[in-house]
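# Report on the structure
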Amino acid sequence: MSVFINSKQAVIDYINAVNAPVRITPTNVKLSKPYEVSGGRYATQTLKNTWSIVEPDGTPLTFRGRKVIFYNRLDLADFARFRPVRPLKAPKPTSVHGMLAAIQYYFAIKLSVDDVEDDPTNLDVDGVGTVTVRAKATSPLWIGSITFDVLPGGLPLEEYLTNITPDQIKYPIDNFKTGSSAAVIAYPLDATPYRDNLLIIEEGLLHGTGLATVLEAMLTLDTSSDGKTLWNSSVGSLTWSLEGATVFYNGLNEAALPTNPAFKYVIGIELRGDLTIPSGRFYLHYSDPEDASAA
Amino acid sequence: MPLYAGKDIDLLIAAINRDNPAMTWKLNATDFIYSKPAVYEVPNVLDHNTQIRVTAKESSPYRGNVILTYRRLDLAVLFRSQKLELKRFVKDATWMTPATYIPLVNQKYGLNLDVTKLTAGNFYGGWQSYTRPIVMSELSYQYVGTINLYWSQDLEELGLDVLTQGELDGAKWPNGVSVFDPEGTYGLRNEFLPLYRDYTEESITGLWPLVTTQTSFVWSTSIPSYLFKDLLTEINTAYSLGMKFEDFHVTDNPKGIYGRTMGYRFMPLTPATRLAYPLANRVGATHVLLLWFVNHPEFGLTNMGYLPFYYNA
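Our subject in this report is the structure included herewith. (Residues numbered from 1 in each chain as written. Chains lettered and ligands numbered in written order. Predicted model: local features only at pLDDT ≥ 70, side-chain atom pairs only at ≥ 80, totals over all residues. Heavy atoms only, no water.)

## As for the overall build of chain B
Let me state the cut-off plainly: For helices the rule is a DSSP run of H or I covering at least 4 residues; for strands it is a run of E covering at least 2, with both sets numbered from the N terminus onward. Each residue is placed in one exposure class: buried if its accessible area under a 1.4 Å probe, protein chains only, is under 20% of its type's maximum, exposed if it is over 50%, and partly exposed if it falls in between. All accessible areas in this document rest on Shrake-Rupley with a 1.4 Å probe, and a residue is counted as covered only by the protein chains that are shown.
The secondary structure content of chain B amounts to eight helices and 17 strands. Looking at chain B residue by residue over its 313 residues, the buried ones come to 45%. Just so you have it, chain B exposes about 15,900 Å², and 55% of that area is on carbon and sulfur atoms.

## Describing the overall build of chain A
In terms of helices and strands, chain A carries seven helices and 15 strands. The buried share of chain A, reckoned over its 295 residues, is 44%. Just so you have it, chain A exposes about 15,200 Å², and 53% of that area is on carbon and sulfur atoms.

## Observations regarding the pattern of salt bridges
Pairs can form between side chains of opposite charge once their charged atoms are near each other. Residue and element names in this part refer to chain A. Heads up, the rule is: By salt bridge we mean one thing: a side-chain nitrogen of Lys or Arg within 4 Å of a carboxyl oxygen of Asp or Glu.
Following the criterion strictly, the structure yields eleven salt bridges over all chains and no others. Where Asp-196 meets Arg-195, a salt bridge forms, and the shortest distance between an N and an O atom there is 2.9 Å. As a salt-bridge pair, Arg-195 and Asp-288 come within 2.9 Å of each other at their nearest N and O atoms. Of this pair, Arg-195 sits in helix H6 (residues 195–199) while Asp-288 sits in the segment after strand S15 (281–286), and the two are 93 residues apart along the sequence. Since its relative accessible area comes to 31%, Asp-288 is described here as partly exposed.

## Describing the side chain of A:Asp222
All names here are of chain A. How we decide: His residues and chain termini do not enter the charge count, which takes Lys and Arg as positive and Asp and Glu as negative. As used in this structure description, the phrase polar contact means that two N or O atoms lie within 3.5 Å; if the pair is within protein, one of them must be able to donate a hydrogen and the other to accept it, and residues adjacent in sequence are counted only when both atoms belong to side chains. Residue contacts follow a heavy-atom distance rule, with two residues in contact if any of their heavy atoms lie within 4.5 Å.
Position of Asp-222 among the secondary structure elements: in the loop between helix H7 (208–221) and strand S13 (246–252). With no salt bridge to any partner, buried Asp-222 finds its closest opposite charge in Lys-228, at an N-O distance of 7.7 Å. From its side chain, Asp-222 meets the backbone nitrogen of Ser-224 in a polar contact 3.4 Å long. Every residue in contact with Asp-222, bar those within four places of it in the chain, is listed here: Ile-185, Leu-189, Ala-217, Gly-227, Lys-228 and Trp-231.

## What about H7(A)?
Residues and elements named next belong to chain A. Threshold: Given the number of residues in a helix, its expected span is that number minus one, multiplied by 1.5 Å.
Relative to the 20 Å expected for 14 residues at 1.5 Å per residue, H7 spans 20 Å between its end C-alpha atoms, a close match to the ideal helical length. Among all positions of H7, only Gly-210, Leu-211, Thr-213, Val-214, Leu-215, Ala-217, Met-218 and Leu-221 are buried. Among the structural elements, H6, strand S14 (265–270) and S15 are those in contact with the buried residues of H7.

## Thoughts on the packing of aromatic side chains
Operational definition: Between the rings of Phe, Tyr and Trp (Trp by its six-membered ring), a pair exists once the centres lie within 6.5 Å; its type follows the angle of the planes, with under 30 degrees stacked, over 60 edge-to-face, and the other angles tilted. Only Lys NZ and Arg CZ are tested; either one counts as a charge over a ring when it is within 6 Å of the ring centre and within 35 degrees of the ring normal.
With the rule as written, the count across this model stands at 18 aromatic pairs over all chains. Between A:Phe79 and A:Phe107, the ring centres sit 5.3 Å apart and the planes meet at 50 degrees, which makes this aromatic pair tilted. Remark: A:Phe107 occurs in helix H3 (residues 100–107) and A:Phe79 occurs in helix H2 (residues 79–82); sequence separation between them is 28 residues. Since its relative accessible area comes to 4%, A:Phe79 is described here as buried. Feature note: the residues A:Tyr35, A:Tyr42, A:Trp51 and A:Phe70 constitute an aromatic cluster, connected by ring pairs. The lysine or arginine in question, A:Arg281, covers the ring of A:Phe248, its NZ or CZ lying 3.8 Å from the ring centre. The lysine or arginine in question, B:Lys83, covers the ring of B:Tyr150, its NZ or CZ lying 4.5 Å from the ring centre.

## Concerning the sheet that holds S14(A)
Residues and elements named next belong to chain A. To be explicit about the condition: Any two strands between which DSSP finds at least two bridges are classified as paired.
Spatially, the four strands line up as an open sheet ordered S12-S13-S14-S15, and their pairing is antiparallel. Two strands in the sheet have a free side with no partner beyond their single neighbour: strand S12 (204–205) and S15. Of the pairings in the sheet, the one linking S13 to S14 comprises six bridges and is antiparallel in character. Bridged to Val-247 within S14 is Ile-269.

## Some points on the interface of chain B and chain A
Size of an interface: often given as the accessible area lost when the parts come together. Note the following rule: What gets called buried area is simply the loss in accessible area from a 1.4 Å probe that two parts show on being joined, summed for both. Any residue that is not Ala, Val, Leu, Ile, Met, Phe, Trp, Tyr, Cys, Pro, Asp, Glu, Lys or Arg is counted as polar, Gly included; the first ten are nonpolar and the last four charged.
On the side of chain A, 48 residues touch chain B, which itself brings 54 residues to the contact. Between chain B and chain A lies a buried interface of about 4,400 Å² when both sides are counted; carbon and sulfur atoms form 58% of it. A per-residue breakdown of the area chain B buries against chain A is headed by B:Leu3, B:Arg63 and B:Ser81, which together make up 18% of the total. Our enumeration of links across chain B and chain A arrives at zero salt bridges. Between the two partners, chain B and chain A, sit 22 residue pairs in polar contact (both at pLDDT 80 or more). Within the side of chain B that touches chain A, the residues separate by chemical class into 29 nonpolar, 13 polar and twelve charged. The pairing of strand S11 (residues 155–156) of chain A with strand S4 (residues 62–63) of chain B spans two bridges and is classified as parallel. Pairing of A:Pro156 across the sheet is with B:Arg63, part of S4(B).

## Observations regarding helix H1 (residues 10–19) of chain B
Restricting attention to buried positions, one finds in H1(B) the residues B:Leu12, B:Ile13, B:Ala15, B:Ile16, B:Asn17 and B:Asp19. Buried residues along H1(B) sit against strand S1 (32–34), strand S3 (50–56) and strand S5 (65–70) of chain B.

## Comments concerning the environment of A:Leu206
Residues and elements named next belong to chain A. With respect to the helices and strands, Leu-206 occurs in the loop between S12 and H7. The buried category is assigned to Leu-206, whose relative accessible area is 3%. Separated by 41 residues in sequence, Leu-206 and Val-247 have C-alpha atoms that sit 6.1 Å apart. Beyond its immediate sequence surroundings of up to four residues, Leu-206 is in contact with Ile-201, Leu-211, Val-214, Ala-245, Thr-246, Val-247 and Ile-269.

## Looking at the pairing of S15(A)
All names here are of chain A. For S15, a buried count of five out of six residues is recorded, marking the element as mostly surrounded by other parts of the structure. When S14 meets S15, the two strands line up antiparallel, connected through six bridges. From the neighbouring strand, Ile-267 faces S15, where its bridge partner is Leu-284.

## Concerning the pairing of S3(B)
Residue and element names in this part refer to chain B. Residues Thr-50, Ile-52, Val-54 and Ala-56 of S3 are buried on one face, while the alternating residues Gln-51, Arg-53 and Thr-55, pointing to the opposite face, are not. Relative to S3, S1 runs antiparallel, the two sharing three bridges. Residue pairing for S3: Tyr-34 is matched across the bridge by Val-54. Sheet topology places S3 next to S5; six bridges connect them, and they run antiparallel. Bridged to Val-54 within S5 is Val-66.

All we've got here are geometric facts, nothing functional implied.
Quick look at the structure:
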C-alpha cells in the first residue's frame, strides 16, 4: 500500500491486489467510513485494525451486493519508526491543512484534508515551532497522530518562479534582420585622437562636423569589421550609415554604462532604426591625449 | 562596466530574478542547483535556445524545482560582421594557451568568457599569425557556438612592454638621505642646507693642493684638522656663523650621535655622478670635491651639508 497516493485510492488498490482480476475503481464502488475492529463485532475474526464496507456505485452499476473488508490503517506515529523525523520546513502555516504539501514534499506522505484534522499550528512569529498532525476518524488510511518540529521555508518554487522563459540575457542589439551589433564593433576602438572634435558634439541628431568626425573615426579605427571601408553618411543608405544617427550621451564614462572602463569619455550613438547592418546603440570611447609636445 | 561581466551564470540568475519580481527571496548561486544547460532547438538563433532545471537546496527558502527556457548568446551572432582578432606583442615567443589569451579577448571586447567552459587551441606566440576556433562548452550558462580567433603579433608597445616602470625616483634634494646617509644610520633626514657655493683656489688655499692632486673617486670619513680649521673659518665668513673647531671634535665625539662630523669625496663629473649628487653639476668642471659635514642645531644651521669645490683635472 503506497503512502504516496490518496487514501481512498490506496485502499482500493489493496483490494484489487488480492482480488485479481477484478478491478474496482473509485467510480464503480464506494467505501463506507472505516470502523475500528477492536471492541467491535469483528474483534474475534481478524487481526486487522479496521473494517469497512464496499458497495457498488456509479451509473450504470457495475456490481451488486456489498462486501466487508478488513485492513490495517497506518498510525501516523509509526512514521518515526522507519524514518527519523526531522524538522519540517513550511512557510508559516497557521493550521495543519496549510502544510500538507510540505509534508508530502519532504516526507512523501500524501495526506488530504479528508485525512487529518485542521488543527492550528504552534509557531512563533518567525515560523518556528511545532505542529501535531492528527488523523480524522473518517480517514480511510490513517489513524493516530505525529508531532513535527517546524522551521520556516519550504516555499514551492514553482509557485513563485512563474516566468520560466526569462529573456534578459540580451545581445547588445536584438535585430532579426542582422544580429550584428555596432556596440561590439565599437567596444575596442580608441577614438582619443578625435577627442577635441568629439567632446563638443551635442546630444541630438548627429550632423555637420560631428557627423564627419564620427565617420572619419569609424573609417580609421574600425579595422576588423566588414564596415571598415563601408561606413558612410549617405542619405537613405541601409547599411553602415551614420546618417540619421542620434547622439544620446556625450560625456564622462560611467560604471553604469556598458562601456570600456579604460577610457575617460564616451559618446553614445544610436543608429537609424531602419539600418540593417549594423544596428543599435554603440559607444565610441575616448580619453584626454597626453601632451607629448611638452617633452 | 563591460558589455558582459561576472560569472557566466550571474546573468542567468539576474535574468530570472528580474523576470520574476514576485519572488520574495531571490535566486542566488549558492542555494540552488542549476543543471547542466541543455540545447533547446529553435528555428531562430535569437529565440530561447536552452533549458535548465533549477532545484531549490535545503538551504533555500524554497522546495521543488522548475525547468526554465532561456537564451544563451551565440558567439557567431555576437560577432557577426566582425572578426575577433587579437594583436599582441609577445616579448619572448612562447606557447599561448586559452588561459593566456581568453582574458585578452574579454578585455578587448568587454566579454566574460570563462576559460573553463570553452575549448580553444594553443599556438606559439611568435611572429606568426594564427587562426584558432573558440568553441563554447555545453557547460556554459551564457554562451554557445563557435568563433574564430585571429591572432597576430603586434609591435612592442612602449607603455606596456618596454617601459614597464613608470614610477621614477625623480629629482632629489642635494643633501637627501641617499647622498649622505643611505642606510639611515644616523637618522639624518635633513632639509636643504644653504651652503651651495662655488669655491676657488683663492677661497680656501689650504685645500687647494689636496683638490688638485685628486683625479678619481676618493671617499674619506675624516679630514685633516688643519684643513678643517681653514674650512670652518671660510664657512663662518661666508655665512656669518660662529662655529668653533672644538664643537666638531672628531675623536671623542662629545655631541652624541654625529660620529662622523666631516669628510670629503672626490668625484669625476659624469652623467651618473651629476645625477646622483645634484650639487655636483656645474657646467664646465670635470671633477668636484665634495666636503660634507655635520654640525649641531645650536649653530643655527640644519645638520648636514655639502661644499662643492669644482675643478678641472
